[in-house]
Amino acid sequence: MIIKPSIRQTGAASEVLDILGVGFGPSNLAIAIARQEMAPELSTLFLERRATFGWHELMLFDTATMQVNFLKDLVSFRNPRSHFTFVNFLHNQERLASFTNLQTLFPRRTEFHQYLSWCAAHFDGRVRYGTTATEIETVLHNGELLFRVSAEGPNGPEHHLARNISYCGGLRPRIPFPVAGEGRVSHGYNLLRDIENHAPDSHYAVVGAGQSAAEITELLYQRGARVTAIASRFGYMPADDSPFVNEIFDPEQVDVLFQTPDEMRSKIFEMHAATNYSGVDLDLLKSLYAEWYHDKVCGKNRFDFKRMTRVISATHTDSGVCLEVEDGLKSTRSTLTVDHLICATGFEPRSVLDLFTEDLCRRVRMHESGAPVFDRNYALDMELDPGLAVYAPHMSERQHGLTATLLSNMAVRSGEIVESIVARRARPFTTRPEREIANAG
Ligand SMILES: Cc1cc2nc3c(=O)[nH]c(=O)nc-3n(C[C@H](O)[C@H](O)[C@H](O)COP(=O)(O)OP(=O)(O)OC[C@H]3O[C@@H](n4cnc5c(N)ncnc54)[C@H](O)[C@@H]3O)c2cc1C
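Conventions and cut-offs
- Residues numbered from 1 in each chain as written.
- Predicted model: local features only at pLDDT ≥ 70, side-chain atom pairs only at ≥ 80, totals over all residues.
- Heavy atoms only, no water.
- Helix = DSSP H or I, 4+ residues; strand = E, 2+ residues; numbered from the N terminus.
- Rg over C-alpha atoms; globule rule 2.2 N^0.38 Å.
- Buried < 20%, exposed > 50% of the residue type's maximum accessible area, 1.4 Å probe, protein only.
- Contact = heavy atoms within 4.5 Å.
- Areas by Shrake-Rupley, 256 points an atom, 1.4 Å probe, with all protein chains shown as cover.
- Phe/Tyr/Trp six-rings, centres within 6.5 Å; stacked < 30°, edge-to-face > 60°.
- Axes fitted to C-alpha atoms, helices over the stretch in contact; angles between N-to-C directions.
- Parallel < 35°, antiparallel > 145°, perpendicular 65-115°, else oblique.
- Left-handed = near helix turned anticlockwise from the far one by under 90°.
- Domains from an automatic or database assignment.
- Buried area = accessible area lost by both parts, 1.4 Å probe.
- Polar contact = N/O pair within 3.5 Å; in protein donor to acceptor, adjacent residues only side chain to side chain.
- Nonpolar A, V, L, I, M, F, W, Y, C, P; charged D, E, K, R; others polar.

Colleague: Sorry, what's going on with the overall build of the protein chain here?
Modeller: Tallying secondary structure elements over the protein chain gives 14 helices and 19 strands in all. On C-alpha atoms alone, the protein chain measures out to a radius of gyration of 24 Å, which is about the 22 Å that the 2.2 N^0.38 rule sets for 441 residues. Summarising its shape, the C-alpha atoms of the protein chain cover approximately 80 × 50 × 50 Å along the three principal directions. Counting the 441 residues in the protein chain, one finds 53% classified as buried. Taking as baseline every contact in the protein chain between residues at least 6 positions apart, the subset at least 24 positions apart corresponds to 73%. Total accessible area on the protein chain stands at roughly 20,800 Å², and carbon and sulfur atoms take up 51% of it.

Following this line, the structure appears as structure tokens:
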């Protein structure tokens, strides 16, 4: 059964875009590059909420390094001869020789941010910064079924028509327990902004056991803070980036995982959780331990690790923030008051369905888990004219694997998406939607 859309007619002369991108982080930047190199005839526009390009700037700690080999930049695995390789960026900045002398495959995040900003600057003319997409619907425009994207820009509301939407809205910070009051509880995602007003020797609780939790703990500790780390594990566990296991991030594995039955795929992800954010870089883990030990030697004891412990709730008080915690080893609950609580408790993908009208939402095929279903090329499986598509690659971890929210496979994935859009464009569909709708149901 095809559901009839509630279609509005629009006749205004307006550019119909081949690709309207929502968000201009690394994912859509990789798509902008792939389109320029593979299909420059496709018209594009990207809407980005931020005022300028940025990549998690409030977590760009000076010493934080990439969790991915720099060869997994935005293009190399698809087109190693591209202008947009990390190596060409270094060459352009006259740093290729000195970078090589570092003998590392894992640059600092600050440098990768420079690389991404350098790439993004090439597309300034096709990005509307300071513009937030607010709604996506379908409309009939001069007899053609199209997407209409509403947005709030610097000059007020605006609307764009497109055949394909590339929604790469990224991740949203998540805090998995209730917080009453505000001001003293931050998600690690905003750390560099929030700690500006904190006394460096404050007492912090840092909740979480992954890479971000360890990086935050180190940063606060180096600033002179007292840190109580709260983790639901026995200790920080090392990230596994050993070669056999790391193959899970290879582009070829997307096909394998996509065809694997659901149950087996979930099992594989569970077994390989330590390859992702939840593991900590071994060097960082060791240096944290060494700093803590040195403090102990000096009698300072500024670090406390509450293992197998989870936070039940956080409540602001006059003097700080009071945490109710459950010690899993002793099966007891207690309270702990600190000056500030930092939650390194992870992220969840922003969903394009939040922007869809009700009618459009009903057209998306959903899996029994509650997640939307995607095709192999990262387009939502929707009851819609085959000439139209919504791509949302970061939402498809369940089907495409752990690379969905990571940089690892962006080069190849963006090429696949552009190829898929070119293939859709080749379909003749000028007035077909009206006929299909007329015959439906
Ligand atoms: C601190 C940190 C470090 C990381 N390090 C690594 C790493 O080393 N290696 C790795 O592989 N991955 C890493 N990641 C994972 C991360 O998801 C990817 O690096 C990358 O940011 C994904 O790119 P993206 O474009 O999908 O999402 P994002 O970078 O989050 O970009 C999404 C963009 O969409 C915009 N946006 C959202 N909604 C709207 C809207 N409605 N309208 C307009 N604009 C909108 C946002 O403002 C944002 O700019 C890290 C993540 C974090 C938080």
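Colleague: What exactly am I supposed to notice about the packing of aromatic side chains here?
Modeller: Aromatic ring pairs: the centre-centre distance and the angle between the two ring planes describe each pair. On inspection of all chains with the given rule, the structure shows 20 aromatic pairs. Aromatic pair F86 and F89: ring centres 5.8 Å apart, planes at 35°, arrangement tilted. A residue pair is termed a helical-turn pair when its members lie 3 or 4 positions apart in one helix, as F86 and F89 do in helix α2 (residues 86-92) at 3 residues. Across the pair, exposure class does not vary: F86 and F89 are buried alike. Here Y289 and W292 contribute two aromatic rings whose centre-to-centre distance is 4.8 Å and whose plane-to-plane angle is 70°, an arrangement assigned as edge-to-face. Of the two residues, Y289 and W292 are both situated in helix α10 (residues 282-297); the distance of 3 residues between them amounts to about one turn of the helix. Classification of Y289 as exposed rests on a relative accessible area of 52%.

Colleague: What should I look at first to understand the packing of helix α1 (residues 26-38) against helix α4 (residues 109-121) in this one?
Modeller: Packed helix pairs are characterised by how far apart their axes lie and by the angle those axes make with each other. Packing of α1 against α4 leaves a shortest axis separation of 10 Å and a crossing angle of 45°. Between α1 and α4, the angle is such that the two are oblique. When you trace α1 past α4, the crossing you get is left-handed. The residues of α4 that touch α1, namely those facing P26, L29 and I33, are L116, C119 and A120.

Colleague: Looking at this structure, how should I read the domain arrangement of the protein chain?
Modeller: Many analyses report the size of an interface as the accessible area lost when the parts associate. Each assigned domain of the protein chain is listed with its residue range as follows: domain 1 (8-170 + 350-439) and domain 2 (173-239 + 276-346). Here domain 1 and domain 2 have C-alpha centroids that lie 34 Å from each other. Approximately 1,200 Å² of surface area, both sides summed, lies buried where domain 1 meets domain 2, with 56% of it carried by carbon and sulfur atoms. Counting the surface domain 1 buries against domain 2, the share from its top three residues, L58, M59 and F61, is 50%. For the pair domain 1 and domain 2, the interface holds 4 residue pairs in polar contact (both at pLDDT 80 or more). When the residues that make up the side of domain 1 that touches domain 2 are grouped by side-chain class, the tally is 7 nonpolar, 4 polar and 4 charged.

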